[in-house]
Every structure is written in structure tokens, then in C-alpha cells.
Amino acid sequence: MSQSITGTNFNFPGQIDVYKGKVREVYTLENDVLLMIATDRLSAFDVVMPKGIPFKGQILNQIATKMMAATADIVPNWLQATPDPNVAIGEACEPFKIEMVIRGYMSGHAAREYKAGKRMLCGVPMPDGMKENDRFPAPIITPATKAEKGDHDEDISKEAILERGIVSAEDYAILEKHTRALFQRGTEIAAQRGLILVDTKYEFGKTKAGKIVLIDEIHTPDSSRYFYAEGYQERQDRGEAQKQLSKEFVRQWLIANGFQGLEGQTVPEMSDAYIESVSERYIELYENITGETFEKASITNIEERIEKNVLAYLDKK
């Protein structure tokens, strides 16, 4: 079985703090430097699976950094360097406590709410007469609160965000503008690959100088839903499920094996063969989303490789 990285315990020069999320581990260094390591952990239903997926961290990191480079001309971002396939380094900033979710199609959470009879999502109306995976007349922004550790993200309206003072009206206008611009660019990039960017989320932060920048990941299969464009309309007309490019296939496997993250449920055993198949699927996602052949980084000793590459970068700064 291939080696994977499921956790780190580095002590870099000038290290001040470390935060470990579901997938990424974030090291704060002196001089407002943030170092983000994408591990091979797999999260579904807000639960981290017991085993890592080889190359998943590299895939997520490289898609995100490529997409940041492809959108830097329209929205500024935090990224400064990628000294290792699993590592991104950039400017530390204060994250906004909301996620900007934008939906071009009625899928996933929006479709579930619609089926339940709701015609408003986060204060935004959804037209009558739609069916799952139909395209909205125009993309809708449906923000979510950024969950504290262990909690679930929750839907929230723009009005509630402003009323509670979570984000100022001035800053929210910028977040909204950036979100629409990024989704438009992401839609164009996806179309070039024969894909449809269905929905996605963006996270933003503010630098010490007061500049709002894009942070975290962008347009990855963990943060976004893609459909194959070819045959989309025919499948809709026939009432068939759409061919997806996202980690939805993992969720479906878990559901089929009796797990949805509910109390009392146990994560099903993932065989080495299944883990290998998930790794291969993520590589397929990478190649479809980027249009490039995936080049596997050395996994003989990932921690040693990361430390060597990061220290070499920091020495040059």
C-alpha cells in the first residue's frame, strides 16, 4: 500500500502557532507568514476517515494553487509560494467567519431544501418549477457560518450577517463581488475542460494592511461540485442523475455501507484496494479539472521531504 501523510508535527524556525483542521494543518510563523500543509486525510459527513488517501493532499494543494494563479488577475489571494507539492505559503490574515457559497445549479443542499418544499435559501428565492440539477436563472450566493471546531456550518442570509455584525456592509459588498468574479472565471475554466462548475465555496481573509484576499482552497473537488458537460441536458431531460466530479462518490460509498456520520454509526472498514481506488479517482479528478497529467511526488518519506523543501525556502527568504 502506498504511503500517505495523515498528520504532521513540525517545528519550523520562527513558529508561533499550529492549527489542525479536518484536512489541512496550518503553521503560523513570524512576520505574518502562514504555512499550510494539505494532508491525505479524507473527511466526509464532518468525520475524518481512519486511513489517508495517497496523493490526495498533493492533488488538493496543486489544484488550489493552480486555480489561485489563474484568478489572481481578478481577485487578490494570500498565496506567495509552493515550495513542496503538499505545501502552500502565504500572508497570514484574519479569516472572515463565513463561507461564501455560490450555486449555479440546484444541486446538493439546495436540492434537498427544495424537495422539502422550501423556496428560499439563505434569504434568496428559488424559482418554482425546477428539478434537481437544473440551472438557476443566475447564480445565487448562499453563505454559511464558518463552523467552530466540532460544529456544522449553518446557512445564513446576507441580512443576518449584516445585522449580527459578522461582516460589515462595506466588506460584504467586496466579498460578494469577488465571489461572483471567481465563479465566473471558474465556470469559464471548467467549460474549457468539458465540465460544468455547479457550485463551490470561497473563503476570504483580511491582511493587517486591511486588504481582503482569497484564502484556503479554490475549485477543488473537496470544495466544489462539477458535472460533465457532455450529455448534461440529455440526462436532465430523461430525469437521470448527472455524472459528477467531486468527492460525492465517497459519500455514496459510505451511505451504501451504513454510515452518514450519525450518532452510534461506525465508519466502515476501508480496504487497501478501496483506498487505492479512491486515490486513483482523485487523480482522475485532478487531470479532468486541470487538463494536465498528474505527476506523483516522492512518497518514500513525505514528512522529511516537506521539511527539507520548506527549510530550503525559508533559508532563501
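Scroll up for the structure.
Residues numbered from 1 in each chain as written. Predicted model: local features only at pLDDT ≥ 70, side-chain atom pairs only at ≥ 80, totals over all residues. Heavy atoms only, no water.

Attention now moves to helix 8 (residues 302-316). Helix length check: helix 8, at 15 residues, gives a terminal C-alpha distance of 22 Å against a target of 21 Å (1.5 Å per residue), a fit within 8%. Those residues of helix 8 that fall on the buried side of the exposure criterion are Ile-302, Arg-305, Ile-306, Val-310, Tyr-313 and Leu-314. Summarising the axial view, the buried residues of helix 8 lie within an arc of 155°, below the 170-degree limit, and thus occupy one face. More than 90 degrees from the buried face of helix 8, the exposed residues found are Glu-304, Lys-308, Asp-315 and Lys-316. Turning to helix 8, the residues buried within the fold contact strand 2 (24-29), strand 3 (33-38), strand 6 (79-84) and strand 7 (87-91). (Helix = DSSP H or I, 4+ residues; strand = E, 2+ residues; numbered from the N terminus. Expected span 1.5 Å × (residues − 1). Buried < 20%, exposed > 50% of the residue type's maximum accessible area, 1.4 Å probe, protein only. Arc of directions from axis to C-beta. Contact = heavy atoms within 4.5 Å.)

Before going further, it helps to examine the sheet that holds strand 1 (residues 15-20). Pairing in this open sheet of 5 strands is antiparallel, and the strands run 1-2-3-7-6 from one edge to the other. In this open sheet, the two strands that pair with only one neighbour each are strand 1 and strand 6. Put simply, the sheet's adjacent strands are angled 20° from each other on average, direction ignored. Bridge count for strand 6 against strand 7 is 3 bridges, and the pairing is antiparallel. (Pairing = 2+ DSSP bridges. Axes fitted to C-alpha atoms, helices over the stretch in contact; angles between N-to-C directions.)

A word on the nonpolar core. Membership of the largest hydrophobic core comes to 77 residues, with the highest contact counts inside it found for Leu-35 and Phe-204. Top contributing element to this core by residue count: helix 7 (residues 272-290), with 8 residues. Once residues within four sequence positions are removed from consideration, Phe-204 is found in contact with Val-75, Pro-95, Phe-96, Met-100, Leu-175, His-178, Thr-179, Leu-182, Ile-212, Val-213, Leu-214 and Ile-215. Met-106, Ala-110, Cys-122 and Met-130 belong to the second-largest nonpolar core, a separate cluster that totals 10 residues. (Core = buried A, V, L, I, M, F, W, Y, C linked by side-chain atoms within 4.5 Å.)

What the rule picks out here adds up to 23 salt bridges. A salt bridge links Asp-222 to Lys-56; its shortest N-O distance comes to 3.0 Å. Placement of the pair is Asp-222 in the loop between strand 16 (212-215) and strand 17 (224-228) and Lys-56 in helix 1 (residues 56-71), with a sequence separation of 166 residues. Assessed through its relative accessible area of 16%, Asp-222 is described here as buried. What makes Lys-56 buried here is its relative accessible area of 0%. As a salt-bridge pair, Asp-128 and Arg-119 come within 3.0 Å of each other at their nearest N and O atoms. Connected through shared salt-bridge partners, Lys-20, Glu-25 and Arg-41 make up one network. (Salt bridge = Lys/Arg side-chain N within 4 Å of Asp/Glu carboxyl O.)

Scanning the model with the defined rule gives 11 aromatic pairs in all. Judged by centre distance (6.2 Å) and plane angle (55°), the rings of Phe-10 and Tyr-27 are tilted. With Phe-10 in the segment before strand 1 and Tyr-27 in strand 2, this pair connects stretches of sequence that are 17 residues apart. Exposure class is identical for Phe-10 and Tyr-27. Each is buried. Members of the aromatic cluster, connected to one another through ring pairs, are Phe-10, Phe-12 and Tyr-27. In this arrangement the basic side chain of Lys-243 is found over the ring face of Tyr-228, its NZ or CZ atom lying 4.7 Å from the centre. Arg-281 extends its terminal NZ or CZ atom over the ring of Phe-249, reaching a point 4.3 Å from the ring centre. (Phe/Tyr/Trp six-rings, centres within 6.5 Å; stacked < 30°, edge-to-face > 60°. Lys NZ or Arg CZ within 6 Å of the ring centre and 35° of its normal.)

Nothing here speaks to function; it is geometry throughout.
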